[in-house]
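# Results of the structural survey
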Amino acid sequence: MKASKKVDRDSRAAVKRASREADGSRLKKGERPEVLQRENSICPVGFFDGARISNLKQTVGR
């Protein structure tokens, strides 16, 4: 596996901070949290619907 290039943590933190501020201002303007969550989520809506976990008992610990 090839090593990924170095990430500039300061610029990444600045991008994340700006994104959070933009989301905060949208919430203050009345945007629904569900809309922001859907936009910010890596998984599309319904991605896990009907998903089966083969080791559920082991994962849950029962």
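Note that the coordinates shown come from a computational prediction; the quantities given were computed from them, not determined experimentally.

### A short note on the overall build of the protein chain
If you tally the helices and strands in the protein chain, you get three helices and zero strands. Element order for the protein chain, N to C, with α for helix and β for strand: α-α-α. For a compact globule of 62 residues, the expected C-alpha radius of gyration is about 11 Å, and the protein chain comes in at 18 Å, more than 25% above that figure. Referenced to the eigenvectors of the C-alpha coordinate spread, the extents of the protein chain come out at roughly 40 × 40 × 20 Å. Summed over its atoms, the accessible surface of the protein chain is roughly 6,400 Å², and 53% of this surface lies on carbon and sulfur atoms. Distance between charge centroids for the protein chain: 7 Å, based on 16 positive and 8 negative side chains.

### Regarding the pattern of salt bridges
Counted according to the given criterion, the structure contains three salt bridges. R26 is paired through a salt bridge with E31; the nearest N and O atoms lie 3.6 Å apart. We classify R26 as partly exposed; its relative accessible area is 25%. Look at E31 and you get partly exposed, because its relative accessible area is 28%. One salt bridge in this structure joins E39 and R26, with 2.9 Å as the shortest N-O distance.

### Let's talk about the packing of helix α1 (residues 9-28) against helix α2 (residues 33-40)
The N-to-C vectors of α1 and α2 enclose an angle of 155 degrees; their axes lie 10 Å apart at closest approach. By the angle between their axes, α1 is roughly antiparallel relative to α2. For the element pair α1 and α2, the recorded crossing hand is right-handed. Contacts between α1 and α2 involve D23, R26 and L27 from the former and P33, V35, L36, E39 and N40 from the latter.

### Some points on a nonpolar patch on the surface
Taken together, the side chains of I53, L56 and V60 make up a nonpolar region of the molecular surface, amounting to roughly 280 Å² of accessible area. L56 sits in the partly exposed class, given a relative accessible area of 45%.

### Things to note about the side chain of D23
For D23, the location among the structural elements is in helix α1. With no salt bridge to any partner, buried D23 finds its closest opposite charge in R26, at an N-O distance of 4.3 Å. Separated by 2.9 Å, the side chains of D23 and N40 make a polar contact. With residues up to four places along the chain from it excluded, the contact list for D23 reads L36 and N40.

Reading the values: rules and limits
- Within any chain, residue numbers begin from 1 and follow the written order of that chain's sequence.
- Totals for whole chains, interfaces and linings use all residues, but because this is a predicted model, local features are given only for residues with pLDDT of at least 70 and pairs of side-chain atoms are given and counted only at 80 or more.
- The basis for every side-chain value is the complete set of heavy atoms in the structure, and neither hydrogens nor water enter the calculation.
- Elements are defined by DSSP. Helices are runs of H or I of four residues or more, strands are runs of E of two residues or more, and each kind is numbered from the N terminus.
- Here the globule rule is a power law, 2.2 Å times the number of residues to the power 0.38, and the radius of gyration is based on C-alpha atoms.
- For accessible areas, the Shrake-Rupley method is used with a probe of radius 1.4 Å. Any residue's cover is judged against the shown protein chains and nothing else.
- A residue counts as positive if it is Lys or Arg and as negative if it is Asp or Glu; His and the chain ends are not included.
- Note on charges: their place is set at NZ of Lys, CZ of Arg, CG of Asp or CD of Glu.
- In the sections that follow, a salt bridge refers to a side-chain nitrogen of Lys or Arg positioned within 4 Å of a carboxyl oxygen of Asp or Glu.
- Burial status follows relative accessibility: with a 1.4 Å probe on protein chains alone, a residue under 20% of its type maximum counts as buried, one over 50% as exposed, and anything between as partly exposed.
- For every element, the axis is a line fit to its C-alpha atoms; helices are fit only across the contacting stretch, and the angle between N-to-C directions ranges from 0 to 180 degrees.
- Any angle from 65 to 115 degrees is called roughly perpendicular, while one under 35 is roughly parallel, one over 145 is roughly antiparallel, and all others are oblique.
- Note on convention: the crossing is left-handed when the near helix lies turned anticlockwise from the far helix by less than a right angle, right-handed when the turn is clockwise.
- What makes two residues a contact is simply this: any of their non-hydrogen atoms within 4.5 Å.
- Only residues whose relative accessible area exceeds 30% and that form no salt bridge enter a patch; like-charged residues are grouped when within 9 Å of one another, and nonpolar side chains (Val, Leu, Ile, Met, Phe, Trp, Tyr) when within 5 Å.
- We call two N or O atoms a polar contact when they sit within 3.5 Å, provided that within protein one can donate a hydrogen and the other can accept it, with sequence-adjacent residues counted only if both atoms are side-chain atoms.

Limitation: the analysis is restricted to geometry and does not speak to function.
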